[in-house]
Amino acid sequence: MTKTASPREMTRRQLLSGTVAASASFAIGAGFIAAPDAAWALEVTHLKPETMATLVRMARDIYPHDQVGDEYYVIAVRGYDSAEMAEMVEAGISALDAAAQGRGFDSYLDVGWERDRVDILRAMEESHFFQTVRGGLVTGLYNQKAVWPIFGYEGESYSEGGYMDRGFNDINWL
Amino acid sequence: MATSFDLDDDNVVVVIGTGAGGGVLANELAQKGVHVVALEAGGRYLPEDYVNDEWESFGQLAWLDPRTTSGDWRVARDFSGLPAWIVKAVGGTTTHWAGASLRFQDHEWKALTTYGRVQGANLLDWPIDAEEMDPWYDLAEKKLGVTLTNGHAGLPGNNNYLVFEKGAKALGYKEVNTGRMAINSEWNDDRMACQQTGFCFQGCKWGAKWSAAYTDIPRGEATGNLEVREHAHAARILHDDAGKVTGVEYFDRDGNLQFQRARIVALAGNSFESPRLLLNSASSMFPDGLANSSGQVGRNYMRHMTGSVYAIFDKPVKMWRGTTMAGIIQDEARHDPSRGFVGGYELETLALGLPFMAAFLDPGGWGREFTTALDHYENMAGMWIVGEDMPQETNRVTLNHDVHDQHGLPVANVHFDDHPNDIAMRNHAYRQGQAVYQAVGATRTFPTPPYPSTHNLGTNRMSEHARDGVVNRWGQTHDIANLFVSDGSQFTTGAAENPTLTIVALAIRQADHIAREMSAGNL
C-alpha cells in the first residue's frame, strides 16, 4: 500500500526539485504527487504520477466538498495504486484525457472549470471505470473517521454514555 | 453446560432461524418443556460485541450471502446483490430492528374485504382477525416491553423527533408521539433504559432494545430444552414416503453436511430463505418444492411501500443523536381511498449516520446536487415511510440456478415491481413528508427512494384454503402437517405497520398450538 508522506519525510526542497510538472492543484514529480504547498505527498509505484493526480481531481469532481482537503480524496483513491488495478485505472484516465482533448484541452487536469470537467464525466458516467471510482468513493471518502467531524458527524457514542446527558434533545430554534 | 440433542433424536422440534419468529418460537416451546434444536446460519453476537460504526457493524451482522434481483424496483439497479438489509446471527434481524412495535389495524386483517378487488393485486383476507389476535398481541407487548403499553412511559423525543413533531402539528396531524417502541424507557425485564446513543440498527450496546439474542434465546437455553446450533446453514428439509418431514439437512460450521432428525420442522429464515429452502427441498414426491401444491411458495413477496424524506434546515438538528426511530405520525395509516390508493402508511423518524447517508440518500447520485446535501448533514432531519404494499403473484422469490452460494446451493432471486397503488401511496407520502418539514422551515427536501428491504413478507402466505396459500391459520403448511412456517413469510398481507410485533405474536400463538397438538398426540 502506498502512503501519504508528511512534509517531514519529504522536504519541500526535495519535493520541488523533483517536480517535473505542476497543475493548479498538484505538484507532480517522479514517483509522487504532492500538494503545491507540500502539506502532503503521495508516492506512487504502479500508476504514473499524472494518472494519480488526475484520479484525485476526478474524485473531487465526483464528490466535491470545498471544506474537505485533497488529502482525504488522496486517501480515498490511493488503493488504486496497485498491480491489480493499474491497468484499469491507466486506461480509464487515458479515456478521460482523450475526452478532454476532444473538447480542446490538453488533458483533464488542464480543464479549468469544474462544470466543463463535470460535462466530461457525465458523458462517461455509465462506464465501468467511472462507476468503479464513484462506488469506491462512497465508502473510501465518507467512511474516513477523520472526515466525519468536517460534516459535524460525531460517530461512536457508546463510550461517552450516549447522548442522554449530552444533548439528544438540545435543539433550541424550533 | 449447554444442552445438546442427538442428531438421531427424532422427538425434537427443529426451528430454522432464531429471529423474531424462530427465536421466540424456540423459547416459547422450550418453556413448555418441548425439546428444540434451533439451527442458526450465523454466529452469536451480544451487546459487548456490537459496534457503533455503520459499515463495520454491517460487515459483522448483515446477511451477505449472494442473492440476485430483478424487476423495476430501484434496489435491483442500485444494490443488485443486496435486496435486503437483514441479519445473519443468533437473534436474527431483532439485533438490527428499530424497535417499532405496532399492532395491525382491525381492518388490515381483512384486506380483500375492506379494499375490494384491486387489479393486478393478489389480495386475500387473513384467516384470522383482530379479535383472535388481541390476547397474543397483549403477550407480545409484555414480552417486548413496548413503550406506551402496560404502563411503560414513552421514550423522550430527540432532536429529530422534535422537528418532526412540530411540523406534524403545524400540518394538523393529531396522532403524533414517540411511538410504541420495544426499547426500555425505564429499567424493565432486567434490561436498562435507552441512553439515546443512536446506532439502534447496529445492535443496542445497552440491551435497552428488545432482541431475541439476549432475551428469548438465553432464557430458552436456560430451561435445558433448547439447543441453538450456530453456523448451521439449513440446506434441505427431507420427508418420508408418507409425505411427512423427517428432519433437516444442514451445513455445519466446517461445511460438512449433517442431518438432524425432527418430529416437527418450523421454518423461520425470513421471506427469502424460507421459500428458498422449500424450493431447494423439491423431491420426486414434491417436484415443485415442499408445501407448494398451491404454487404460491415464493409468490406475493411484499416489502412494504417505503421511502424516506430528508430535509435540510438553516440551523443544526443533529438527527443522529438519540433513538433512531422513536417518532411516529399515524394520521395517514387509515384506509381512505379518497387519497387515490387503498391502505395507508405510517411516517416514522429515522436517522442515518454520515457513511450510510452517503450510500442511501440518492444511490448513484454524484456532483454538487448530491454533495451540497451532505455538506449540511448536521442540519438534516429525516423520516421513513412505511405503508401497505399490494401482494402480486409475480413479485416472487425463485431459485437462480446460475448463481450458487458458498455451499453450492442455488441462491434466491428476488423479483419486485411496484404496483400502481404502491406508487400512488409513495407519492402521497413524499408530499406529506416534505410538507411536514417545510412547515418548520426546511430549505430543501429529498424524497429518497427505498433502501434494500428490511420488511420482507408474504412468500409463504397464510390462507383459509389450500389453493390460495402455503400455510393455514396456525402457520402449519396446508400440505405437510408437521411442517410449519414461523416468520414474516406467512403474512397474507403486509398492513401498514412494522411487522415484528405481529411476527412475535404469531410465534407465541403458534408455540401454544404446537405444544397443545403434541400433547394431544396429533403431531
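Residues numbered from 1 in each chain as written. Chains lettered and ligands numbered in written order. Predicted model: local features only at pLDDT ≥ 70, side-chain atom pairs only at ≥ 80, totals over all residues. Heavy atoms only, no water.

**So, the overall build of chain A**
Phase 1: Counting its regular elements, chain A contains seven helices and five strands.
Phase 2: Listing every helix and strand of chain A by position from the N terminus yields β-α-β-β-β-β-α-α-α-α-α-α.
Phase 3: Out of the 174 residues in chain A, the part that is buried amounts to 48%.
Phase 4: Of the accessible surface of chain A, which amounts to about 8200 Å², a share of 50% is contributed by carbon and sulfur atoms. (Helix = DSSP H or I, 4+ residues; strand = E, 2+ residues; numbered from the N terminus. Buried < 20%, exposed > 50% of the residue type's maximum accessible area, 1.4 Å probe, protein only. Areas by Shrake-Rupley, 256 points an atom, 1.4 Å probe, with all protein chains shown as cover.)

**Notes on the overall build of chain B**
Phase 1: Each helix and strand counted, chain B has 12 helices and 17 strands in total.
Phase 2: A compact globule built from 523 residues should have a C-alpha radius of gyration of about 24 Å, and chain B, at 22 Å, falls within 12% of that.
Phase 3: Along the three orthogonal principal directions, the C-alpha set of chain B runs to about 70 × 50 × 45 Å.
Phase 4: In chain B, which comprises 523 residues, the proportion classed as buried is 67%.
Phase 5: Within chain B, contacts between residues at least 6 apart in sequence are counted, and of these 75% link residues at least 24 apart.
Phase 6: By element, 47% of the accessible surface of chain B is carried by carbon and sulfur atoms, the whole surface being about 16400 Å². (Rg over C-alpha atoms; globule rule 2.2 N^0.38 Å. Contact = heavy atoms within 4.5 Å.)

**Let's talk about unusual backbone geometry**
Phase 1: The backbone phi angle of alanine 38 of chain A is positive, close to 65°, even though this residue is not glycine.
Phase 2: Considering the arrangement of structural elements, one finds alanine 38 of chain A in the loop between β4 (32–34) and β5 (41–43).
Phase 3: We note that asparagine 300 of chain B has phi near 60°; this positive angle belongs to a residue other than glycine.
Phase 4: By the secondary structure assignment, asparagine 300 of chain B is in the loop between α8 (270–280) and β10 (305–312).

**Focus: the pattern of salt bridges**
Two side chains of opposite charge can pair, provided their charged atoms sit close to one another.
Residues and elements named next belong to chain B.
Phase 1: For the structure shown, the criterion picks out 40 salt bridges over all chains.
Phase 2: Arginine 77 serves as the salt-bridge partner of aspartate 78, at 3.4 Å between the closest nitrogen and oxygen.
Phase 3: The exposure class of arginine 77 is exposed, given its relative accessible area of 60%.
Phase 4: Between arginine 473 and glutamate 132 there is a salt bridge; the shortest N-O distance is 2.9 Å. Highlighted residues: arginine 473 in the loop between β16 (444–448) and β17 (483–485) and glutamate 132 in helix α5 (residues 130–144), separated in sequence by 341 residues. (Salt bridge = Lys/Arg side-chain N within 4 Å of Asp/Glu carboxyl O.)

**Points about the packing of aromatic side chains**
Residue and element names in this part refer to chain B.
Phase 1: Counted by the stated rule, this structure contains 35 aromatic pairs over all chains.
Phase 2: Between tryptophan 97 and tryptophan 210 the ring centres are 6.1 Å apart and the planes differ by 90°, which places this aromatic pair in the edge-to-face class. You can see tryptophan 97 sitting in the loop between α3 (75–78) and α4 (111–115) and its partner tryptophan 210 sitting in the loop between β4 (176–177) and α7 (216–222), a full 113 residues away along the chain.
Phase 3: Looking at tryptophan 97, the relative accessible area reads 7%, which means it is buried.
Phase 4: Using a relative accessible area of 0% as the deciding quantity, one classes tryptophan 210 as buried.
Phase 5: An aromatic cluster of at least three residues, connected via ring pairs, comprises Trp55, Phe58, Phe79, Trp85, Phe201, Phe356, Phe360 and Tyr451.
Phase 6: A cation sits over an aromatic face here: arginine 473 above tryptophan 474, 5.7 Å from the ring centre.
Phase 7: We note arginine 516 situated over the ring of tryptophan 474; from NZ or CZ to the ring centre the distance is 6.0 Å. (Phe/Tyr/Trp six-rings, centres within 6.5 Å; stacked < 30°, edge-to-face > 60°. Lys NZ or Arg CZ within 6 Å of the ring centre and 35° of its normal.)

**Things to note about the packing of helix α2 (residues 49–62) of chain A against helix α5 (residues 114–123) of chain A**
All names here are of chain A.
Phase 1: Interaxial distance between α2 and α5 falls to 10 Å at its minimum, and their mutual angle equals 95°. When the axis of α2 is compared with that of α5, the two are roughly perpendicular. Here Arg57, Met58, Asp61 and Ile62 of α2 lie close against α5, whose contacting residues are Glu114, Arg117, Val118 and Leu121. (Axes fitted to C-alpha atoms, helices over the stretch in contact; angles between N-to-C directions. Parallel < 35°, antiparallel > 145°, perpendicular 65-115°, else oblique.)

**Some remarks on the nonpolar core**
Phase 1: Counting residues in hydrophobic clusters, the biggest one holds 135 residues, and the most contacted among them are Leu55 and Met58 of chain A together with Tyr310, Phe313 and Tyr437 of chain B.
Phase 2: Leaving out residues up to four positions away in the same chain, phenylalanine 313 of chain B has contacts with Trp173 of chain A together with Val163, Asn379, Ala381, Tyr437, Val440, Gly441, Ala442 and Thr443 of chain B.
Phase 3: By size, the runner-up hydrophobic cluster in this structure holds 78 residues, among which are Ala140, Ala212, Phe286 and Met462 of chain B. (Core = buried A, V, L, I, M, F, W, Y, C linked by side-chain atoms within 4.5 Å.)

**Examining α8 of chain B**
Residue and element names in this part refer to chain B.
Phase 1: Counting buried residues in α8 gives 11 out of 11 residues, a clear majority hidden from the surface.
Phase 2: Buried within α8 we find Asn270, Ser271, Phe272, Glu273, Ser274, Pro275, Arg276, Leu277, Leu278, Leu279 and Asn280.
Phase 3: Where α8 is buried, its residues touch β1 (13–16), β6 (233–239), β9 (264–267), β14 (396–404), β15 (410–415) and β17.

**Observations concerning the interface of chain A and chain B**
Many analyses report the size of an interface as the accessible area lost when the parts associate.
Phase 1: Taken residue by residue, the interface counts 40 residues in chain A and 42 residues in chain B.
Phase 2: Summing both partners gives a buried area of about 3700 Å² for chain A against chain B, and 63% of it is carried by carbon and sulfur.
Phase 3: Between the two partners, chain A and chain B, sit five salt bridges.
Phase 4: Residue glutamate 154 of chain A is joined to arginine 321 of chain B by a salt bridge in which the shortest nitrogen-to-oxygen separation is 2.8 Å.
Phase 5: Residue assignment for the side of chain A that touches chain B shows that the elements contributing at least two residues are α2, α5, α6 (128–140) and α7 (148–151) of chain A.
Phase 6: For the side of chain A that touches chain B, the per-class residue count stands at 18 nonpolar, 11 polar and 11 charged. (Buried area = accessible area lost by both parts, 1.4 Å probe. Nonpolar A, V, L, I, M, F, W, Y, C, P; charged D, E, K, R; others polar.)

**Description of helix α3 (residues 70–77) of chain A**
Phase 1: Across the eight residues that make up α3 of chain A, a large majority, six, are buried.
Phase 2: For α3 of chain A, the set of buried residues is Asp70, Tyr72, Tyr73, Val74, Ala76 and Val77 of chain A.

**Some points on the sheet that holds strand β12 (residues 345–349) of chain B**
Residue and element names in this part refer to chain B.
Phase 1: Overall, antiparallel pairing links the six strands, which are arranged β4-β11-β12-β13-β10-β16 in an open sheet. The outermost strands of the open sheet, each flanked by one partner alone, are β4 and β16.
Phase 2: Relative to strand β13 (residues 380–387), β10 runs antiparallel, the two sharing eight bridges. Pairing of threonine 306 across the sheet is with valine 386, part of β13.
Phase 3: Sitting on the sheet, helix α10 (residues 368–375) touches β10, β13 and β16, and the angle it makes with β16 is about 110°. (Pairing = 2+ DSSP bridges.)

**Some details on the pairing of strand β7 (residues 245–251) of chain B**
Residues and elements named next belong to chain B.
Phase 1: Within β7, six of the seven residues are buried, which leaves the element mostly enclosed by the surrounding structure.
Phase 2: Where β6 and β7 come together, six bridges link them in antiparallel fashion. Considered in β7, the bridge of histidine 239 is made with valine 245.
Phase 3: The antiparallel pairing of β6 with β7 creates a hairpin that spans five residues between the two strands, and glycine 243 there sits at a positive phi of about 85°.
Phase 4: Sheet analysis places β7 next to strand β8 (residues 257–261), joined by five bridges and oriented antiparallel. In the strand pairing of β8, tyrosine 250 is matched with glutamine 258.

**Remarks on the confidence of the model for chain B**
Phase 1: Per-residue confidence for chain B gives a mean pLDDT of 97, with 100% of residues at or over 70.
Phase 2: The complex model carries a pTM of 0.96, and its ipTM stands at 0.94. (pLDDT = per-residue confidence, 0-100.)

**With respect to the environment of tyrosine 163 of chain A**
Phase 1: Turning to its location among the elements, tyrosine 163 of chain A is positioned in the segment after α7.
Phase 2: Spatially, the C-alpha atom of tyrosine 163 of chain A lies 43 Å from that of methionine 85 of chain A, the residues being 78 residues apart in sequence.
Phase 3: With near-sequence residues (within four places) excluded, tyrosine 163 of chain A lies in contact with Glu154, Gly155, Ser157 and Phe168 of chain A together with Gln195, Gln196, Thr197, Trp320, Arg321 and Gly322 of chain B.

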